[in-house]
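The residues making up each chain are set out below.
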Amino acid sequence: MSATQFLASSNHKLRSPVNHKSVIPPWKEATSLIMVKKASLQQVVGDELASFLRAMRSPSKQTGSCNYRLLMVKRSSLSSFMSNAFVFPGGLVEEVDFSSGWWTVFENIGVSKDSLLQEFCKIKDPCPPMIQKPLILSGLSVPPKQRLPTDLAYRITAIRETFEETGVLIARHSVEDKDIAASLCESDVDLSKWRSKLHKSPQIFLELCLELKVCPDVWSLFEWSNWLTPISVGHRRYDTMFYICCINKDPDIILNDNEVIALKWCSPLEILQEYYSNLVFLAPPQVYELSRLLGLDSYKSLMDFIVKRKGKGIEQWLPVICTALDGAVSVLPGDDLYPKNPDYLGQSPGQDFPHTLEELKAQVQNLHRMEIRGPVTTVVCNIPSCGHLTPLTYSSTKKNLQSSL
């Protein structure tokens, strides 16, 4: 049976386009930051020894070492969204992130407005809606020329939220010798008091930078991906811009217990192994991004890739969740099951298929999806990601291989 016949037999109907002009989108804009550091020699040797011992005990278990670590934080059980999940640091975009006061912050370290506009604010293709027309500014009367462009504002959001949640301040005192790796602010000032104030008002971050005469190190943050929460996941939805940055030293981390209660510096494989062993909970976008990084095992190769894809743009991804007999499938753009006109606003339920996940997979040619079985999500992809890393399918019984089903 062809894919076309299969879709027809399953009564798969493509949804009609929605008139976004007449309806306020039911989501908020947010940012998330994938922070990467080079692992110490001791950590790398420890990984290799642990992998060797696992292989001796059970040859079928996955092995492998990675010389970089990612920072992941565990959300509080009181969080209204993805409670108890391990996520990358991040949070909601605020109006103050677009304040014209930031131009003064940059000017204080010798960076002109014109140079920032030239470096950051060229529209790239593809360019997601939250970059082109941010919802948070739709009700404001502030002229565009008086506010920060989205490419800068969202980077400030990611840096502000990371500081609030972890105490790591990605900021610099000057622009001399700009490096790919992020600058971590070192100051004699008690930053804990600023963090306490920041929790009550995001305006405090602007005041902090003016007081310390530092500016957010926006140069070290690179666009990575853009995820829009699907309509069937909880009662809150977010359009989230993911950035990635590399740091070249261990930061001092002090968690904000109101929002996050634990942290992990981990390799992509390590956290995925814990996830598939039911030791931790990961949100689906985190599972996907970690699966992407499985193909890069060195800090240098990751940095090289980040620089290589700079300026290539990203597109917004809305997962479309459909049910199967033995689970659910979260379909992504490029998959043969992905609807031509996805329901962005949630005005109709997802498709119910009278087939198993394996049957759904066997009946189509192009796969780009996340299969959901109970609390576990597995990425399946056999199409190349244009200008980006193609995720690998995690398997607990064999090496990670790019799916070619």
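This is a predicted model, so every value here is computed, not measured.

Focus on the packing of helix H6 (residues 150-166) against helix H7 (residues 191-200)
Next up, step 1: Following both chains from N to C, one finds H6 and H7 inclined at 115°, their axes separated by 9 Å at the closest point. In terms of orientation, H6 lies roughly perpendicular with respect to H7. At the point where H6 passes H7, the crossing takes the left-handed sense. Residues Arg 160, Phe 163, Glu 164, Glu 165 and Thr 166 of H6 pack against Leu 191, Arg 195, Leu 198 and His 199 of H7.
Next up, step 2: Of the residues in the contact of H6 with H7, the class split is three nonpolar, two polar and four charged.

Notes on the sheet that holds strand S14 (residues 376-381)
Next up, step 1: Ordered in space as S11-S12-S13-S14, the four strands form an open sheet in which the pairing is antiparallel. Edge positions in the sheet fall to strand S11 (320-324) and S14, since each of these pairs with one other strand and no more. Strand-to-strand twist across the sheet, computed as the mean angle between neighbouring axes with direction ignored, equals 25°.
Next up, step 2: With four bridges joining them, strand S12 (residues 327-331) and strand S13 (residues 368-373) adopt antiparallel strand pairing. Within S13, the position partnered with Ser 330 by the bridge is Met 370.

Digging into the side chain of Asp 151
Next up, step 1: Among the secondary structure elements, Asp 151 is positioned in helix H6.
Next up, step 2: Assessed through its relative accessible area of 5%, Asp 151 is described here as buried.
Next up, step 3: Setting aside residues no more than four positions away along its own chain, Asp 151 makes contact with Phe 120, Cys 121, Lys 124, Ile 131, Glu 223 and Tyr 243.

Structural notes on the nonpolar core
Next up, step 1: Counting residues in each nonpolar core, the largest one holds 54 residues, and the members touching the most others are Met 35, Trp 102, Phe 106, Ile 170, Phe 205 and Trp 219.
Next up, step 2: Taken together, the elements giving at least two residues each to this core come down to strand S1 (28-38), helix H3 (101-107), helix H4 (113-120), helix H5 (129-132), H6, H7, helix H8 (203-212) and strand S8 (238-247).
Next up, step 3: At seven residues, H6 tops the list of elements feeding residues into this core.
Next up, step 4: Formed by 41 residues, the second largest nonpolar core is a distinct cluster that contains Phe 222, Leu 269, Val 287 and Leu 332.

Points about the pattern of salt bridges
Next up, step 1: Counted under the stated rule, the structure contains 12 salt bridges.
Next up, step 2: A salt bridge links Asp 97 to Arg 160; the nearest nitrogen and oxygen atoms lie 2.8 Å apart. Here the residue Asp 97 occupies a position in the loop between strand S4 (90-92) and H3, and Arg 160 occupies one in helix H6, the gap between them amounting to 63 residues.
Next up, step 3: Note that Lys 361 is salt-bridged to Glu 358, the shortest N-O span being 3.1 Å. Here Glu 358 and Lys 361 lie together in helix H12 (residues 357-362), a separation of three residues that amounts to about one turn.
Next up, step 4: Linked through salt bridges whose partners overlap, the residues forming this network are Glu 358, Lys 361, Glu 371 and Arg 373.

Reading guide: rules and limits
- Residues numbered from 1 in each chain as written.
- Predicted model: local features only at pLDDT ≥ 70, side-chain atom pairs only at ≥ 80, totals over all residues.
- Heavy atoms only, no water.
- Axes fitted to C-alpha atoms, helices over the stretch in contact; angles between N-to-C directions.
- Helix = DSSP H or I, 4+ residues; strand = E, 2+ residues; numbered from the N terminus.
- Parallel < 35°, antiparallel > 145°, perpendicular 65-115°, else oblique.
- Left-handed = near helix turned anticlockwise from the far one by under 90°.
- Contact = heavy atoms within 4.5 Å.
- Nonpolar A, V, L, I, M, F, W, Y, C, P; charged D, E, K, R; others polar.
- Pairing = 2+ DSSP bridges.
- Buried < 20%, exposed > 50% of the residue type's maximum accessible area, 1.4 Å probe, protein only.
- Core = buried A, V, L, I, M, F, W, Y, C linked by side-chain atoms within 4.5 Å.
- Salt bridge = Lys/Arg side-chain N within 4 Å of Asp/Glu carboxyl O.

Shape descriptors only; they carry no functional weight alone.
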